[in-house]
Amino acid sequence: MAKLSTDELIEAFKELTLIELSEFVKQFEETFEVTAAAPVAVAAAGAPAGGGAAEEAAEEKDEFDVVLESVGDKKIQVIKEVRALTSLGLKEAKDLVDGAPKPVLEGVNKETADKAKEQLEGAGATVTLK
């Protein structure tokens, strides 16, 4: 396989959907045992020096993943809710719903996660927060 330049890789990533790019990042993280998430220490750098570790732990608990476990019998309604919650197109939202269990939203705050869970469950889906 020919080695791709950085520019060629960027161009290839531009053609991917958000779901495909998310799956790539997860596989990349697993393969190389790294994380692509921004370091929490950077966010806490502006915080007062006294509560560094406690604030980092609190920040981590503020991020939740909304995972679609199963669709239920109202698949079209669930697809509509997924589209409303994300910037996905119809095909991408349908693929996400068909591929359940899959994350719908990642790294969102508690309020957003609860609201998304409520909307998806209202459409007939089974949802968990992680």
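Residue indices begin from 1 for each chain and proceed along its sequence in written order. Note on the predicted model: pLDDT of at least 70 is required for a residue's local features to be given, and 80 or more for side-chain atom pairs to be given and counted; whole-chain, interface and lining totals, by contrast, use all residues. Working from all heavy atoms in the structure, the side-chain values ignore hydrogens and water.

### Quick look at the nonpolar core
- Ranked by size, the top nonpolar core spans 21 residues in total, and within it Val66, Leu68, Val78, Val82 and Leu120 carry the most contacts.
- Residue assignment for this core shows that the elements contributing at least two residues are strand S1 (64-70), helix H5 (75-85), helix H6 (90-98), strand S2 (102-108) and helix H7 (110-122).
- Every residue in contact with Val78, bar those within four places of it in the chain, is listed here: Leu68, Val71, Val97, Leu120, Ala123, Gly124 and Ala125. Residue types Ala, Val, Leu, Ile, Met, Phe, Trp, Tyr and Cys, when buried and joined through side-chain atoms within 4.5 Å, form a set referred to as a nonpolar core. Burial here depends on accessible area, computed with a 1.4 Å probe over protein chains only, as a share of the maximum for the residue type. Under 20% is buried, over 50% is exposed, and the range in between is partly exposed. Segments assigned H or I by DSSP are reported as helices when at least four residues long, segments assigned E as strands when at least two residues long, and all are numbered from the N terminus. We call two residues in contact when some of their heavy atoms are within 4.5 Å.

### Here we look at the pairing of S1
- Paired strands, as defined in this entry, are two strands with at least two bridges between them according to DSSP. Alignment of S1 against S2, held across four bridges, turns out to be antiparallel. Of the residues in S2, the one forming a bridge with Phe64 is Val108.
- Summarising the sheet, S1 and strand S3 (residues 126-129) pair through four bridges and their orientation is antiparallel. The residue of S3 that forms the bridge with Val67 is Thr128.

### Examining the sheet that holds S2
- With antiparallel pairing, the three strands of this open sheet are ordered in space as S2-S1-S3. Each end of this open sheet is capped by a strand with a single partner; those strands are S2 and S3. Going from strand to strand, the sheet's axes swing by 20° on average, the running direction of each strand aside.
- Each of S1, S2 and S3 is contacted by H7, which is oriented at about 170° to S3, the strand it contacts most. For helices, the axis comes from a line fit to the C-alpha atoms of the stretch in contact; other axes are also lines fit to C-alpha atoms, and the angle between any two N-to-C directions lies between 0 and 180 degrees.

### So, the pattern of salt bridges
- Salt-bridge detection follows one rule: a side-chain nitrogen of Lys or Arg within 4 Å of a carboxyl oxygen of Asp or Glu. Per the stated rule, a full pass over the model turns up seven salt bridges.
- Among the ionic pairs, Lys91 bridges to Asp95, the shortest N-O distance being 3.0 Å. Of this pair, Lys91 and Asp95 both sit in helix H6, four residues apart, which is roughly one turn of that helix.
- Note that Lys94 and Asp98 form a salt bridge whose closest N and O atoms lie 2.8 Å from each other.

### Quick word on the side chain of Thr86
- Structurally, Thr86 can be placed in the loop between H5 and H6.
- Given a relative accessible area of 17%, Thr86 falls into the buried group.
- There is a polar contact of 2.7 Å between the side chain of Thr86 and the backbone oxygen of Val82.
- Whenever a nitrogen or oxygen atom comes within 3.5 Å of another N or O atom, the pair is scored as a polar contact, on the condition that within protein one atom can donate a hydrogen and the other can accept it, and that pairs from neighbouring residues in sequence are kept only if both atoms are in side chains. Here the side chain of Thr86 touches Leu88 through a polar contact of 3.3 Å, landing on its backbone nitrogen.
- Residues in contact with Thr86, not counting those within four places in the same chain, are Val104 and Leu105.

### Here we look at the packing of H5 against H7
- At their nearest, the axes of H5 and H7 sit 8 Å apart, and the two run at 160° to each other. The angle between the axes of H5 and H7 places the two elements in the roughly antiparallel class. Once H5 is placed against H7, the crossing between them reads as right-handed. Contacts from Val78, Glu81, Val82 and Leu85 in H5 reach Ala116, Gln119 and Leu120 in H7. By the definition adopted for this analysis, an angle is roughly parallel if under 35 degrees, roughly antiparallel if over 145, roughly perpendicular if from 65 to 115, and oblique otherwise. Two helices crossing with the near one rotated counterclockwise from the far one by less than a right angle form a left-handed crossing, whereas a clockwise rotation gives a right-handed crossing.

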